[in-house]
Every structure is written in C-alpha cells, then in structure tokens.
Amino acid sequence: IVLADGTYASVTSTETVGGSGSAAEAEKMPHLRRLVSAGDILLGTVVCVTLTKISLKMDDVPGSTAAANRLVMASLLSIAGIGKLAEQRRGTRVGVYADCL
C-alpha cells in the first residue's frame, strides 16, 4: 500500500464492516426472504405467479368460498410483501419497481 506521503506500508490488521450481527441476522431470516432481499427477483416473480395460480384454482373447488377468500387475501398480502421487499435497496443492490413482478 502506498501512503499519501509516497512511502510504502503493509496492512497489519483488517476490519470487517457489519460485524457478526449481520451474519447472525441473516441466519434467522427465512430462505425465501434472504434470496429476494439479496436480489433474486426472478424467484420472487415465480412465487407471485404461483400464488396467483393457486388462488385462481381455488375458485374451482366447490363449497369452499370462505376458504378461497382467505387464501386469495393471504396470497395478495404475500405478493404485496414480496413486491415491497424487492423495491428496497440493500447494500449495493438496487431495488426494482414492484410492478416488474
């Protein structure tokens, strides 16, 4: 390493930014959330499409109107959460627009 005054120096110690708290926090985070937060937007899109298809197929099941409504509402809530998670900027990753899902 060349210092500002033109002399050479060697690195004797290093620092890690973030510490062990961020690694422990990442371990507690669910896998899907960790991957979407890390920038795997394709995975988030596939999950949203899958939830939509399951919700639409629930209409074909006879006699389960209340259960279908609960599933549709839970799916919409999950899809909105995935979209919000994809919009967030984390570290060097740039967020995307939620309508890209």
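Rules used throughout
Residues numbered from 1 in each chain as written. Predicted model: local features only at pLDDT ≥ 70, side-chain atom pairs only at ≥ 80, totals over all residues. Heavy atoms only, no water. Helix = DSSP H or I, 4+ residues; strand = E, 2+ residues; numbered from the N terminus. Buried < 20%, exposed > 50% of the residue type's maximum accessible area, 1.4 Å probe, protein only. Contact = heavy atoms within 4.5 Å. Areas by Shrake-Rupley, 256 points an atom, 1.4 Å probe, with all protein chains shown as cover. Axes fitted to C-alpha atoms, helices over the stretch in contact; angles between N-to-C directions. Parallel < 35°, antiparallel > 145°, perpendicular 65-115°, else oblique. Left-handed = near helix turned anticlockwise from the far one by under 90°.

Would you mind showing me how to read the overall build of the chain here?
Scanning the chain for helices and strands turns up four helices and zero strands. Order of helices (α) and strands (β) in the chain, N terminus to C terminus: α-α-α-α. Here the chain holds 101 residues, and 17% of them are scored as buried. Within the chain, contacts between residues at least 6 apart in sequence are counted, and of these 43% link residues at least 24 apart. As presented, the chain carries roughly 7800 Å² of accessible surface, and 61% of it is formed by carbon and sulfur atoms.

Before we go on, may I ask you to explain the environment of Lys57 in this structure?
Along the chain, Lys57 falls in helix H3 (residues 41-57). For the pair Lys57 and Ala68, spaced 11 residues apart in the sequence, the C-alpha separation amounts to 9.1 Å.

Looking at this structure, how should I read the packing of helix H2 (residues 31-38) against helix H4 (residues 65-87)?
In a pair of packed helices, the angle between the axes and the distance between the axes together describe the arrangement. Remark: H2 packs on H4, axes separated minimally by 8 Å, with the N-to-C direction vectors making an angle of 40 degrees. The pairing of H2 with H4 is recorded here as oblique in orientation. Seen along the crossing, H2 lies across H4 with a hand that is right-handed. Taking contact as the criterion, the partners of Arg33, Val36 and Ser37 in H2 are, on H4, Ile82, Leu85 and Ala86.

How should the packing of H2 against H3 be read in this particular structure?
Running from amino to carboxyl end, H2 crosses H3 at an angle of 130 degrees, the nearest separation of the two axes being 7 Å. On the basis of the axis angle, H2 is oblique to H3. Counted together, Leu32, Leu35 and Val36 of H2 and Ile41, Leu43, Gly44 and Val47 of H3 form the full contact between these two elements.

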